[in-house]
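Examining the three-dimensional arrangement
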Amino acid sequence: MTYTPKTFSFGTLDGISPKQLDVHLKLYEGYVKNVNLLESVLAAYSKTEDEGGKYALAEVRRRLGFEFNGMRMHEHYFDQWSGPSTTLGTDSTLGKALSAQYGSLDVWMADFKSVGMMRGIGWAILSYDPVGKHFFNHFVADHELGQLNGTTTVLALDLWEHAYMVDYTPAEKAKYIEAFFKNLNGGVVEKRFVA
Ligand SMILES: [Fe+2]
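This structure is a prediction, so every number in the text was calculated from the model and none was measured. (Residues numbered from 1 in each chain as written. Predicted model: local features only at pLDDT ≥ 70, side-chain atom pairs only at ≥ 80, totals over all residues. Heavy atoms only, no water.)

This part covers unusual backbone geometry. Of note in this structure, K133 is not a glycine but carries a positive phi near 50°. When its relative accessible area of 58% is taken as the criterion, K133 is described as exposed. The phi angle at D142 is positive, at roughly 50°, despite the residue not being glycine. With respect to the secondary-structure elements, D142 resides in the loop between β2 (134–141) and β3 (152–158). (Buried < 20%, exposed > 50% of the residue type's maximum accessible area, 1.4 Å probe, protein only. Helix = DSSP H or I, 4+ residues; strand = E, 2+ residues; numbered from the N terminus.)

This paragraph deals with the coordination of the iron ion. Protein coordination at the iron ion comes from H24 (NE2), H74 (NE2), D158 (OD) and H162 (NE2), with a distance range of 1.9 to 2.2 Å. Coordination at the iron ion comes from four donor atoms whose angles at the metal span 86 to 137°, giving a geometry best classed as irregular. Counting gaps between the donor residues of the iron ion yields the pattern H-x49-H-x83-D-x3-H. Here the residue H24 occupies a position in helix α1 (residues 18–45), and H162 occupies one in the loop between β3 and α6 (173–182), the gap between them amounting to 138 residues. (Donors = N, O, S within 2.8 Å, 3.2 Å for Na, K, Ca; no water. Tetrahedral: all angles 85-135°; square planar, octahedral: opposite > 155°, others 65-115°.)

Below, the discussion takes up the packing of aromatic side chains. Counting across every chain of the model gives 20 aromatic pairs. Centre to centre, the rings of F8 and Y28 are 5.9 Å apart; their planes meet at 65°, and the pair counts as edge-to-face. Pair noted here: F8 is in the segment before α1 and Y28 is in helix α1, with a separation of 20 residues, a long-range link. A relative accessible area of 14% places F8 in the buried class. Relative to F193, the ring of Y128 lies with its centre 4.8 Å away and its plane at 90°, an arrangement referred to as edge-to-face. (Phe/Tyr/Trp six-rings, centres within 6.5 Å; stacked < 30°, edge-to-face > 60°.)

Next up on the list: helix α2 (residues 51–62). Helix length check: α2 (12 residues) gives 17 Å between terminal C-alpha atoms against 16 Å at 1.5 Å per residue, within 8%. Of the residues that open α2, the one with a side-chain oxygen 3.2 Å from the backbone nitrogen of G52 is D50. (Expected span 1.5 Å × (residues − 1). Polar contact = N/O pair within 3.5 Å; in protein donor to acceptor, adjacent residues only side chain to side chain.)

Moving on to the side chain of N183. Note that N183 resides in the loop between α6 and α7 (186–192). Within the structure, N183 has its side chain in polar contact with the backbone nitrogen of D14 (distance 2.8 Å). Sequence-distant contacts of N183, defined by excluding residues within four places in its chain, comprise T12, L13, D14, I16, Q80, W81 and S85. (Contact = heavy atoms within 4.5 Å.)

Another point: the layout of surface pockets. As a volume, the largest pocket reaches approximately 150 Å³. Looking at side-chain class alone, the lining of the largest pocket contains two nonpolar, eight polar and one charged residues. (1 Å grid on protein atoms, 1.4 Å probe; cavity = no way out; pocket = protein on both sides within 12 Å on 5 of 7 lines; lining within 4 Å. Points joined across faces, edges and corners; volume = space filled by probe spheres on them. Nonpolar A, V, L, I, M, F, W, Y, C, P; charged D, E, K, R; others polar.)

What follows is about α1. With 28 residues, α1 extends 40 Å between its outermost C-alpha atoms, agreeing within 8% with the 40 Å of an ideal straight helix rising 1.5 Å per residue. Among the residues making up α1, those that are buried are Q20, L21, H24, L25, Y28, Y31, V32, V35, N36, L38 and L42. In this structure, the buried residues of α1 make contact with α2, α3 (64–79) and β3.

Let us look at the nonpolar core. Judged by nonpolar contacts, the single largest core of 48 residues is most densely connected at Y77, W108, L155, L157 and Y176. Looking at this core, the elements with two or more residues in it are α1, α3, α4 (93–102), α5 (105–116), β1 (122–129), β2, β3 and α6. Residues contacting W108, with those up to four places away along its chain left out, are L88, L98, Y102, L126, N137, L155 and F181. (Core = buried A, V, L, I, M, F, W, Y, C linked by side-chain atoms within 4.5 Å.)

Before going further, it helps to examine the pattern of salt bridges. Applying the stated rule across the entire model yields nine salt bridges. Where K54 meets E49, a salt bridge forms, and the shortest distance between an N and an O atom there is 4.0 Å. Classification of K54 as partly exposed rests on a relative accessible area of 37%. Here E49 falls in the exposed class, since its relative accessible area comes to 64%. Residue K54 pairs with E51 through a salt bridge whose shortest N-O separation is 3.8 Å. Separated by three residues within a single helix, K54 and E51 lie in helix α2, roughly one turn from each other. (Salt bridge = Lys/Arg side-chain N within 4 Å of Asp/Glu carboxyl O.)

Bear in mind that shape data such as this cannot, by itself, settle questions of function.
Structure representation (structure tokens):
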């Protein structure tokens, strides 16, 4: 099978420029391309008996988590800006569940933003574990280190510098995080959570 880049229906974003968005979408398409490339390399060379070839193949195989998660997490990210911007509803199923665990939606939000302000290249993620019925605000380094197996990605915030450096300096990361939430379609996020 071949993965195809998704298209997204953005409105006019506030605090995220068209150039920033364009640069970022092109990077996303690169991940899709590399997932397909990786699969084709594995298929073409999987029967190699050459020692060097086996070693090289193992290193390619090791890259799958980076490329695949890079593709899928960007799809989560851009989907969140599709359609009209609406705040997460305190009375929605998600809003109520977050308030039940964290005390209030504001407390959850402050905790999530503090993950966003962590140093390092990666993502702030709100994940839901359907087994423990528990949310996690957590950091994923690159795209693959710190993923929580079997959880649902509810909210994904890209904190690689490429996500904001057309519009903001590294010292202005907090402003980028505010812009991210300002443009969020809360309805898209709420639909991801199934209690
Ligand atoms: Fe990104």
